[in-house]
Amino acid sequence: MSLTQQFIMIGFVVLGTMLTRFLPFLLFPADKSTPKYIQYLGNILPSAVFGLLIVYSLKDVGITTGSHGIPEVISIILVILLHCWKRRMLLSIASGIICYMLLVQFIF
């Protein structure tokens, strides 16, 4: 890639990043109320992301091979308990990841 192509690529990356950062403020200014469907998406998408992470994390787990899914089940239980207790998605997900990594590296 030539130097000119590198500058063009960096420019497009910067433009794309700025567009995704500023577009919501341009589409939904503070002086107008947010549309109902955007509020709905704001309420439903965190749970959908949680479900997607669970499906993606468990898609290759085999209960008949390896550690039989035990570290995954322990980590999922931790995530559920922390989320029910603290209601902090980032804390729940990060704790589940750390728990899983520690279990896989040191116990299983």
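Please read these numbers as outputs of a predicted model, since none were measured by experiment. (Residues numbered from 1 in each chain as written. Predicted model: local features only at pLDDT ≥ 70, side-chain atom pairs only at ≥ 80, totals over all residues. Heavy atoms only, no water.)

Novice: Looking at this structure, how should I read the overall build of the protein?
Specialist: Tallying secondary structure elements over the protein gives four helices and zero strands in all. Helices and strands appear in the protein in the N-to-C order α-α-α-α. Viewed in the frame of its principal axes, the protein has a C-alpha envelope of about 50 × 45 × 20 Å. The 108 residues of the protein split such that 12% are buried. Expressed as a percentage of contacts within the protein between residues at least 6 apart in sequence, the contacts between residues at least 24 apart total 49%. When the accessible surface of the protein is totalled, it reaches about 9,100 Å², and 73% of it is carbon and sulfur. (Helix = DSSP H or I, 4+ residues; strand = E, 2+ residues; numbered from the N terminus. Buried < 20%, exposed > 50% of the residue type's maximum accessible area, 1.4 Å probe, protein only. Contact = heavy atoms within 4.5 Å. Areas by Shrake-Rupley, 256 points an atom, 1.4 Å probe, with all protein chains shown as cover.)

Novice: Would you take a moment to explain the packing of helix α3 (residues 70-86) against helix α4 (residues 89-107) for this structure?
Specialist: Pairs of packed helices are described in terms of their axes, by the angle between the two and the distance that separates them. Following both chains from N to C, one finds α3 and α4 inclined at 155°, their axes separated by 8 Å at the closest point. Between α3 and α4, the angle is such that the two are roughly antiparallel. In this structure, the crossing between α3 and α4 has a hand that is right-handed. Seen from α3, the contacting residues are Pro-71, Glu-72, Ile-74, Ser-75, Leu-78, Val-79, Leu-82, His-83 and Lys-86; seen from α4, they are Met-89, Leu-91, Ser-92, Ser-95, Gly-96, Cys-99, Tyr-100, Leu-103 and Val-104. Broken down by class, the residue content of the contact of α3 with α4 amounts to eleven nonpolar, five polar and two charged. (Axes fitted to C-alpha atoms, helices over the stretch in contact; angles between N-to-C directions. Parallel < 35°, antiparallel > 145°, perpendicular 65-115°, else oblique. Left-handed = near helix turned anticlockwise from the far one by under 90°. Nonpolar A, V, L, I, M, F, W, Y, C, P; charged D, E, K, R; others polar.)

Novice: Sorry if this is basic, but what is going on with the layout of surface pockets here?
Specialist: A probe as big as a water molecule, rolled over the atoms, marks out the empty space that is left. Of the volumes computed, that of the largest pocket is approximately 510 Å³. Every residue lining the largest pocket is counted, 18 residues in all, and those nearest its centre are Leu-53, Ser-57, Val-79, Gly-96 and Ile-97. Put simply, the parts of the chain that give the lining of the largest pocket at least two residues each are α2 (36-58), α3 and α4. Considering each element in turn, the lining of the largest pocket owes the most residues, seven residues, to α3. When grouped by side-chain class, the residues that make up the lining of the largest pocket number 13 nonpolar, four polar and one charged. (1 Å grid on protein atoms, 1.4 Å probe; cavity = no way out; pocket = protein on both sides within 12 Å on 5 of 7 lines; lining within 4 Å. Points joined across faces, edges and corners; volume = space filled by probe spheres on them.)

Novice: Any chance you could explain the packing of α2 against α4 here in plain terms?
Specialist: Contact pair α2 / α4: the axes reach a minimum separation of 12 Å and the direction vectors enclose 5°. Accordingly, the angle class assigned to the pair α2 and α4 is roughly parallel. Residues Pro-46, Phe-50 and Leu-53 of α2 pack against Met-89, Ser-92 and Ile-93 of α4. Counted by class, the contact of α2 with α4 contains five nonpolar, one polar and no charged residues.

Novice: What is the right way to look at α3 in this model?
Specialist: One turn of the α-helix equals 3.6 residues, which is why residues spaced by three or four share an orientation. Its 17 residues place the ends of α3 24 Å apart at the C-alpha level, agreeing with the 24 Å of an ideal helix rising 1.5 Å per residue. Restricting attention to buried positions, one finds in α3 the residues Pro-71, Glu-72, Ser-75, Val-79, Leu-82 and His-83. The buried side chains of α3 occupy one side of the element, clustering within an arc of 100° when seen end-on. Structural note: α3 exposes Leu-81, Cys-84 and Trp-85 on the side pointing more than 90 degrees away from its buried face. On its buried face, α3 sits against α2 and α4. Immediately downstream of α3, the backbone of Arg-87 shows phi near 60°, a positive value. (Expected span 1.5 Å × (residues − 1). Arc of directions from axis to C-beta.)

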